[in-house]
Amino acid sequence: MTNAPSNHDEMFAALCRQVGICLHPKGEARVIAAMPNGLDAAVRAVLEAEGIDAPTAPGDLKRAIRDCLKAGLPAA
């Protein structure tokens, strides 16, 4: 069993608190899998997991999700 970084737990908790998108474990796994492809891919994964059409999602929502995910990333 691998040790999942706790920053992902915090990141998803913040996403739930701040944006109102509380993903189920499968959705979280999709987002984590998309992260190596960049923040935009991770934002799309969040929207898809929540059942929101990414191209028609409001820009403010996408920005809020992106900011939340970015804040949850480890410092480079």
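As a reminder, the structure under discussion sits directly above these lines.
To start, this report covers the structure provided alongside it.

Scoring rules and cut-offs
Residues numbered from 1 in each chain as written. Predicted model: local features only at pLDDT ≥ 70, side-chain atom pairs only at ≥ 80, totals over all residues. Heavy atoms only, no water. Core = buried A, V, L, I, M, F, W, Y, C linked by side-chain atoms within 4.5 Å. Buried < 20%, exposed > 50% of the residue type's maximum accessible area, 1.4 Å probe, protein only. Helix = DSSP H or I, 4+ residues; strand = E, 2+ residues; numbered from the N terminus. Contact = heavy atoms within 4.5 Å. Axes fitted to C-alpha atoms, helices over the stretch in contact; angles between N-to-C directions. Left-handed = near helix turned anticlockwise from the far one by under 90°. Nonpolar A, V, L, I, M, F, W, Y, C, P; charged D, E, K, R; others polar. Parallel < 35°, antiparallel > 145°, perpendicular 65-115°, else oblique.

The next point concerns the nonpolar core. Core analysis: the biggest nonpolar cluster contains 22 residues, and Leu15, Leu23, Val31, Val46, Ile65 and Leu69 have the highest contact counts within it. Only helix 1 (6–19), helix 2 (25–34), helix 3 (39–49) and helix 4 (59–71) provide two or more residues apiece to this core. Ranked by residues supplied to this core, first place goes to helix 3 with 8 residues. Those residues within four positions of leucine 23 in sequence are excluded, and the remaining contacts are Phe12, Leu15, Glu28, Val31, Val46, Ala49 and Glu50.

Closest axis-to-axis distance for the helix 3/helix 4 pair is 9 Å, and the angle between their directions is 115°. Taken as a pair, helix 3 and helix 4 cross one another with a handedness that is right-handed. On helix 4, the residues touching Leu39, Asp40, Ala42, Val43, Val46 and Leu47 of helix 3 are Leu61, Lys62, Ile65, Arg66, Leu69 and Lys70. Along the lines of polarity and charge, the residues of the contact of helix 3 with helix 4 split into 8 nonpolar, no polar and 4 charged.

Its place among the elements puts alanine 14 in helix 1. Alanine 14 sits in the buried class, given a relative accessible area of 11%. It is 8.3 Å that separates the C-alpha atoms of alanine 14 and glycine 72, two residues lying 58 residues apart in sequence.

Our focus in this paragraph is the packing of helix 2 against helix 3. Packing of helix 2 against helix 3 brings their axes to within 8 Å, and their N-to-C directions diverge by 165°. Comparing the axis directions of helix 2 and helix 3 gives the class roughly antiparallel. In this structure, helix 2 meets helix 3 at a crossing whose hand is right-handed. Here Gly27, Arg30, Val31 and Ala34 of helix 2 come into contact with helix 3, specifically with Ala41, Ala42, Ala45, Val46, Glu48 and Ala49. Here the residues of the contact of helix 2 with helix 3 sort into 7 nonpolar, 1 polar and 2 charged.

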